[in-house]
Amino acid sequence: MAASAGQPLGGHATLDNGSGSRPGSGPSSGTGSARPTHGPRERLVFSAAQLIRRDGVNATGMRDVAAHAQAPRGSLQHYFPGGKEQLVNEAVAWGGRYAAKRIGRFLAAMTEEPTPSRLFAAMVRQWTDEFETVGFAPGCPVVAATVDCAESTKSTREAAAAAFATWNAPVAEALTAMGVPSARSSSLATLMISALEGAILISRSEQNIRALTTVAQELGPMLDGCVAAHP
């Protein structure tokens, strides 16, 4: 997720939960060069997602989030009385919504007939484009939160599971619309997301997009083969 988280879940993200922007131009760049225009609560959630996907939950402090969001430090307690746990969970949920919304944007941008392989290629391309533009530091915020908190914080594990489910649903719906039998759409969506997330981790470790391009090439034909033949 992403991923931007990460982006989210899903690559480089912008605060409006899905509209594209030039990488590094907005508040996700962490440079402070562009002042966010959304309210402090939205900026705090967004900034938490961006820092978590880069540094993980444990290394992301509340003061860091406030500084990144250009929000008053006191606003953290005001908007998130549950503290860091609440903020992290909302950032994870944001990542799931962002990744889910991107599916519709990928489909709308296709100039050829949508197919499962083309959808998966678009999901992969979002990450290869980010890695080639800004480097391999940021990953998926949902994965980062899961790694850091799955055993220690039940609410964050549940938030991560819900975020993946939020992402899975529109992928499955798109596959069904493309002719994949509905009985298989959800499981194939899970396969696509799992392959993408695994390739993101390998790419970050290798500092190379090889794993991402490989899963797109290898899974594409198999995904298209799941489309039911029309009589």
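Only a predicted model underlies this, so the values are computations on that prediction, with no experimental measurement involved. (Residues numbered from 1 in each chain as written. Predicted model: local features only at pLDDT ≥ 70, side-chain atom pairs only at ≥ 80, totals over all residues. Heavy atoms only, no water.)

Colleague: So what exactly am I meant to see when it comes to the overall build of the protein chain here?
Modeller: When you go through the protein chain residue by residue, the secondary structure sums to nine helices and zero strands. Reading the protein chain from its N terminus to its C terminus gives the helix and strand order α-α-α-α-α-α-α-α-α. Evaluated residue by residue, the protein chain yields a buried proportion of 50% over its 231 residues. By element, 53% of the accessible surface of the protein chain is carried by carbon and sulfur atoms, the whole surface being about 10300 Å². (Helix = DSSP H or I, 4+ residues; strand = E, 2+ residues; numbered from the N terminus. Buried < 20%, exposed > 50% of the residue type's maximum accessible area, 1.4 Å probe, protein only. Areas by Shrake-Rupley, 256 points an atom, 1.4 Å probe, with all protein chains shown as cover.)

Colleague: How do you make sense of the packing of aromatic side chains when you look at a structure like this?
Modeller: For any pair of aromatic rings, the description rests on two quantities: the centre-to-centre distance and the angle between the ring planes. Summed over all chains, the structure comprises four aromatic pairs. Here the aromatic rings of Trp-94 and Tyr-98 are separated by 5.3 Å at their centres, their planes lie at 10°, and the arrangement is stacked. Of this pair, Trp-94 and Tyr-98 are both found in helix H4 (residues 83-109), four residues apart, which corresponds to roughly one turn of the helix. Of the two residues, Trp-94 and Tyr-98, both sit in the buried class. (Phe/Tyr/Trp six-rings, centres within 6.5 Å; stacked < 30°, edge-to-face > 60°.)

Colleague: Explain the side chain of Thr-60 to me, please; I cannot follow it from the model alone.
Modeller: With respect to the element layout, Thr-60 can be found in the loop between helix H1 (40-55) and helix H2 (62-69). Residue classification places Thr-60 among the buried residues on the basis of a relative accessible area of 4%. Side-chain polar atoms of Thr-60 contact the backbone oxygen of Leu-51, separated by 3.5 Å. A polar contact is formed between the side chain of Thr-60 and the backbone oxygen of Gly-56, at a distance of 2.7 Å. (Polar contact = N/O pair within 3.5 Å; in protein donor to acceptor, adjacent residues only side chain to side chain.)

Colleague: Could you clarify how one ought to interpret helix H6 (residues 141-149) in this entry?
Modeller: Turn by turn, an α-helix covers 3.6 residues, leaving residues three or four places apart pointing in a common direction. For H6, the full list of buried residues reads Pro-141, Val-142, Val-143, Ala-144, Ala-145 and Cys-149. In this structure, the buried side of H6 is in contact with H1, H4, helix H7 (154-177) and helix H8 (182-206). (Contact = heavy atoms within 4.5 Å.)

Colleague: Explain the confidence of the model for the protein chain to me, please; I cannot follow it from the model alone.
Modeller: In low-pLDDT regions, the fine details of the predicted coordinates are not to be read closely. Taken over all residues, the pLDDT of the protein chain has a mean of 86, while the share at 70 or more is 83%. A low-confidence stretch, residues 1-12 stays under pLDDT 50, and its non-local contacts, those more than four residues away or across chains, total 104 contacts. Taken together, the stretch residues 16-36 has pLDDT below 50 and engages in 40 contacts with residues farther than four places along the chain or on a different chain. (pLDDT = per-residue confidence, 0-100.)

Colleague: Honestly, the nonpolar core in this entry has me stumped. Any pointers?
Modeller: Side chains of nonpolar character tend, in soluble globular proteins, to be buried together. Ranked by size, the top nonpolar core spans 34 residues in total, and within it Leu-119, Phe-120, Met-123, Val-171 and Leu-196 carry the most contacts. When residues in this core are grouped by element, the largest group, eight residues, is from H8. If we ignore the near neighbours within four places in the chain, the residues touching Leu-119 are Ile-103, Phe-106, Leu-107, Met-110, Val-171, Ala-174, Met-178 and Met-192. Membership of the second largest hydrophobic core comes to 29 residues, among which are Phe-46, Leu-51, Val-143 and Cys-149. (Core = buried A, V, L, I, M, F, W, Y, C linked by side-chain atoms within 4.5 Å.)

Colleague: How should the pattern of salt bridges be read in this particular structure?
Modeller: If charged atoms from side chains of opposite charge come close, those side chains can pair. Evaluated as defined, the whole model comprises six salt bridges. Between Glu-90 and Arg-41 there is a salt bridge whose closest N-O contact spans 2.7 Å. Separated by 49 residues along the polypeptide, Glu-90 in helix H4 and Arg-41 in helix H1 bring together distant segments of the chain. Between Glu-130 and Arg-53 there is a salt bridge, and its shortest N-O distance comes to 2.7 Å. Of the two residues, Glu-130 sits in helix H5 (residues 116-134) while Arg-53 sits in helix H1, which places them 77 residues apart along the sequence. Here Glu-130 and Arg-53 have matching classes, each one buried. (Salt bridge = Lys/Arg side-chain N within 4 Å of Asp/Glu carboxyl O.)

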